[in-house]
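Examining the three-dimensional arrangement
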Amino acid sequence: MKKLLAATAFLTGIPIRTPGAHDPASLRAASGFFPVVGLIIGFFLAGIYFLSSLLFSPVISALLVLGGQACITLCLHLDGFAGVAEALGGKKTRDEALRSMNTHHIGVFGITALFILLAIKTAALEALAGGAIYAILIIAPAISRWSMLGPIWKYPHAEGTGPHKILAISGGEYFIATVFILALSFIVSPSISLYALIISGAAAFCAGKCITLRVGGVTKDTYGFLVELTELVFLLSWIALR
C-alpha cells in the first residue's frame, strides 16, 4: 500500500502524505505501480465523461475530460511536455536546452506544442465517442504511465546519476509494470489495445532516444513529455486500428 501511495503522490495532485513520496529509493520501489495510478486516473476521467455526456456534446465532454485530467495531475505532465517542446525548439545548444528545462520557462514553442496536443486530443476523443470511449479513457492513462518507464530504465539522466536522478528504475520494476499493462490490455481488447500498446511503447523509446541524443539523456520534464506523447499516440493508434 505504501508503494501505491508513493506512486499516487508522485504522479497526481491528490494530497497524500506518505514518507519519502519524492525520495528516489521510494519512487524506484513504487514505479511498478505507476500503471495502477494511471488506471485510477482513467476511472476518474471515465466518470467525468459519463456525467458530462448526459448534458453536453462529445466535444464539450472531451474538453471537460482534459480539464479534469489537468486538475488531477496539477498539469505536471502538460508542464513537462511544454518544457521539452520549448527546450528542443529552435536552434538551442545542448546547454541552452537543459537550462530551458530547468527554468521551466515556456515560450512560443511550448505554447504551440500544448495547443496542438490538446487540439488533437480533443478531436481524437470526439472521434472515439461511443461504446468504446469508456474503456479507452480507463486504459489510456495506465498505458502512458507504463510507457514512460521504458525510456527512464533504458536511458541515462542528462544531469547525472545517483541522487540527481529523480526516478531510476530497475528491470524488475519495469517487468512488473509490463505484466500488469499487458494483462489489462488483453482484458480490454486483445486485438486493438495490444497493438496500440506496442505502438505507444515504441513511440516512447523513440522519443527517449531522440531526447538522449539531443541533450545527453532524459530529464524530469521528459517524464511528463512521454506521458502526454504516448497517451496521444495510443488514442490515434486506436482510431487507426479500429
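Scope of this entry: the structure provided in the associated data block.

Rules of the game
- Residues numbered from 1 in each chain as written.
- Predicted model: local features only at pLDDT ≥ 70, side-chain atom pairs only at ≥ 80, totals over all residues.
- Heavy atoms only, no water.
- Salt bridge = Lys/Arg side-chain N within 4 Å of Asp/Glu carboxyl O.
- Helix = DSSP H or I, 4+ residues; strand = E, 2+ residues; numbered from the N terminus.
- Buried < 20%, exposed > 50% of the residue type's maximum accessible area, 1.4 Å probe, protein only.
- Expected span 1.5 Å × (residues − 1).
- Core = buried A, V, L, I, M, F, W, Y, C linked by side-chain atoms within 4.5 Å.
- Contact = heavy atoms within 4.5 Å.

Going through the model one piece at a time under the given rule, you end up with five salt bridges. Residues Glu231 and Lys121 are paired through a salt bridge, measuring 2.8 Å at the closest nitrogen-oxygen approach. Of the two residues, Glu231 sits in helix α12 (residues 220-241) while Lys121 sits in helix α7 (residues 108-127), which places them 110 residues apart along the sequence. Of the two residues examined, Glu231 and Lys121, each falls in the buried class. Note that Arg145 and Glu231 form a salt bridge whose closest N and O atoms lie 3.3 Å from each other. Of the two residues, Arg145 is situated in helix α8 (residues 133-147) and Glu231 in helix α12; the sequence distance between them amounts to 86 residues.

Residue Leu74 is not a glycine yet carries a positive backbone phi of 55 degrees. Checked against the element boundaries, Leu74 lands in the loop between α4 (58-73) and α5 (76-88). Given the relative accessible area of 56%, Leu74 is considered exposed.

A separate point is α5. Taking 1.5 Å as the rise per residue, α5 with 13 residues should run 18 Å; its terminal C-alpha atoms sit 18 Å apart, in good agreement. Most of α5 sits out of view: ten of its 13 residues are buried. His77, Leu78, Gly80, Phe81, Ala82, Gly83, Val84, Ala85, Glu86 and Ala87 are the residues of α5 that are buried. Phi turns positive one or two residues past the end of α5, at Gly90, with a value near 75 degrees.

A few words on the nonpolar core. Ranked by internal contacts, the top residues of the largest apolar core, which has 65 residues, are Leu125, Met148 and Phe234. When residues of this core are assigned to their parent elements, the largest contribution, nine residues, is made by α8. When sequence neighbours within four positions are dropped, the list of residues in contact with Phe234 reads Ile136, Ile139, Ala140, Ile143, Ser193, Ala196, Leu197 and Ser200.

Summarising the element assignment, Gly38 is placed in helix α3 (residues 34-53). A sequence separation of 107 residues divides Gly38 from Arg145, and the C-alpha atoms of the two residues are 6.0 Å apart.

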